[in-house]
Structure formats: C-alpha cells, structure tokens
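Residue-level structure breakdown
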Amino acid sequence: MAHVPFSGGVHAPGRARIAARTLREDRWWLQPLVTFVCFSAWLLYGLVRASLQKDYFVADYGYLTPFASPCLSTSCVPGSTHFGTPFGEWPALIPFAALTLPFLLLFRLTCYYYRKAYYRSFWMSPPACAVPEAHVSYSGETRFPLIAQNLHRYFFYAAVVISLINTYDVLHAFRGKDGGFGLGLGTLILLANVVLLWCYTLGCHSCRNIIGGRLNHFSKHPLRYKAWGWVGKLNARHMTFAWITLGSLVVTDAYIALVSSGTIGDFRFIN
Ligand code: FES
C-alpha cells in the first residue's frame, strides 16, 4: 500500500526510504491494543462506580472503598465519614471522593510509565518500536498541553496524602460487629490494596529523585542513601505495580460492593 510521506521522523532527510509502514512482522500491535482495552475498561468501571454512590461502605466492619474515600458529606452513609462531615448535602452523580480522585487520576496520567503506555496505545506516538508515528508532527512534551506532564512531582505529594487517607481507612477495617477488634477477608483485601498502593506511589520516579536526587556524596547522607536504595527497588518494578494496583483497586471495590449490597457475606476470621 502506498504510504503518504511527511518530512519528519523516519521520513526526515537522510533516513532510508522504506515504503512499507513497518518492517516488523511480529504482532507489535497486540500490546498497545491490550493496554487500550484494559485502560478503557478500568476507566469505565471507575467512572461508573464512583458516580453510582451506592454500596461503597460496609457498616458492620468499617469497609470503605477507595473509590468513595474520603467521604466528607452528610449524604454519606453513617459511619463512613472517617474524617468528619465538613460538607453538607452532596450533589447526586458527583463522586464522594471528588476532592481526591482528580489528583489520583492526574498522578497516574502524568506517571512516567503510564505516559509510555497511553502514548503508544491511545495516541500511537509511536505505537511500538520501529513503527512510525501516526502523526505528521512531533513536539514531544515541549508544548501545551503535554508540557504539563512536568507537574507530575506535585501530584506525587497529593498521592502521598491520599495514600495516608487510604491507610487510615484500613485501620477502620479492623473492626468486628460488636465494635471491638475484628478481621475478615475484606480487611485483608483492603490491607493488601493499600500496601500495593504504597509500593506504586513510593516507586515513583519523582519520589526517587526527591529522596536521593541532587546529592553529591551519598556517603554524607547514609539514611537518604538507604531510602534511595529501597525506593530504587520499587522503582524497578514500577510498571508491575502500576498494573497490579489497577487490579487491586477493582478487586477491593468490587468485594466491598458485593458485601455491602448483601450479595455475599464477608468471610470472618475474628468476630
Ligand atoms: Fe509513575 Fe511517578 S513515575 S507514579
């Protein structure tokens, strides 16, 4: 098939003239396609669940889904307002977590890994190695709106605060029916989810730079050096945690929705 040439990228002067779109013969399109489908499905799920404002809290055991945390309105189910009710009646369809979800989305949207993933799968810029851009020009992240990707380091601080909120929510999940200590499958799911969220958040490239960047001598900062090493280990698995946390958030929310709606009962170990 004839290819319409343009002057940039692989068609820049001095590059070999190759008529084919790509010389790759493997299924290079599979990975971006899977990413596109998974991200779209996750966004749809999150949008629906956050907007429904239903089945987000299990009063007996203090389980609150991350999709509705923090719940700060008098419209929230009694017991779910772990940080009080500074807001009155909450408008329908606006997620209870409207104060935190935009920051979380922006944190992930500007994440170095997700950038790579959605540039390839949604924007096809480029869709894969050795497969040219679908666009006629390329300005990288030097112009608006993509220059705003540089704000990622600030969204990191917001994500730390939100992870602390999620951690506090987990403490409430160690509750039994009689109000004393309790432990159920939901507690463990919430706990695992928050541990994974911390692994993703602390493995952030900005975090790594905040912890160990701009130091001339690691030997003069042994604690920061140690912390930098730990963060580096998480950072090496950042992509893995990016995917796992998408799954753990859905599992946590879906489990709480099922228990809250009475579809299933919580499996209790204690009380
Ligand atoms: Fe992925 Fe910061 S680079 S969260």
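Residues numbered from 1 in each chain as written. Predicted model: local features only at pLDDT ≥ 70, side-chain atom pairs only at ≥ 80, totals over all residues. Heavy atoms only, no water.

For the chain, an unreviewed UniProt entry supplies the name Succinate dehydrogenase membrane anchor subunit and the organism Pedococcus bigeumensis.

The next subject is the overall build of the chain. Within the chain, the regular secondary structure consists of eight helices and four strands. Each helix and strand of the chain, ordered N terminal to C terminal, gives the series α-β-β-α-α-α-β-α-α-α-α-β. If one aligns the C-alpha atoms of the chain with their principal axes, the spans along those axes are about 75 × 55 × 35 Å. Looking at the chain as a whole, 39% of its 271 residues are labelled buried. (Helix = DSSP H or I, 4+ residues; strand = E, 2+ residues; numbered from the N terminus. Buried < 20%, exposed > 50% of the residue type's maximum accessible area, 1.4 Å probe, protein only.)

For the structure on display, the rule yields five salt bridges. The closest approach of N and O atoms between K177 and D60, which form a salt bridge, is 4.0 Å. Of the two residues, K177 is situated in the loop between α4 (152–172) and β3 (183–184) and D60 in the loop between β1 (57–58) and β2 (63–64); the sequence distance between them amounts to 117 residues. What makes K177 exposed here is its relative accessible area of 56%. (Salt bridge = Lys/Arg side-chain N within 4 Å of Asp/Glu carboxyl O.)

One pass over the full model with this rule turns up one disulfide. Across a sulfur-sulfur distance of 2.4 Å, C71 and C76 are joined as a disulfide pair. Linking C71 and C76, the disulfide has an S-S dihedral of approximately -95° and is accordingly described as left-handed. Overall, C71 belongs to the buried group, its relative accessible area being 1%. The class for C76 is buried, based on a relative accessible area of 6%. (Disulfide = S-S within 2.5 Å.)

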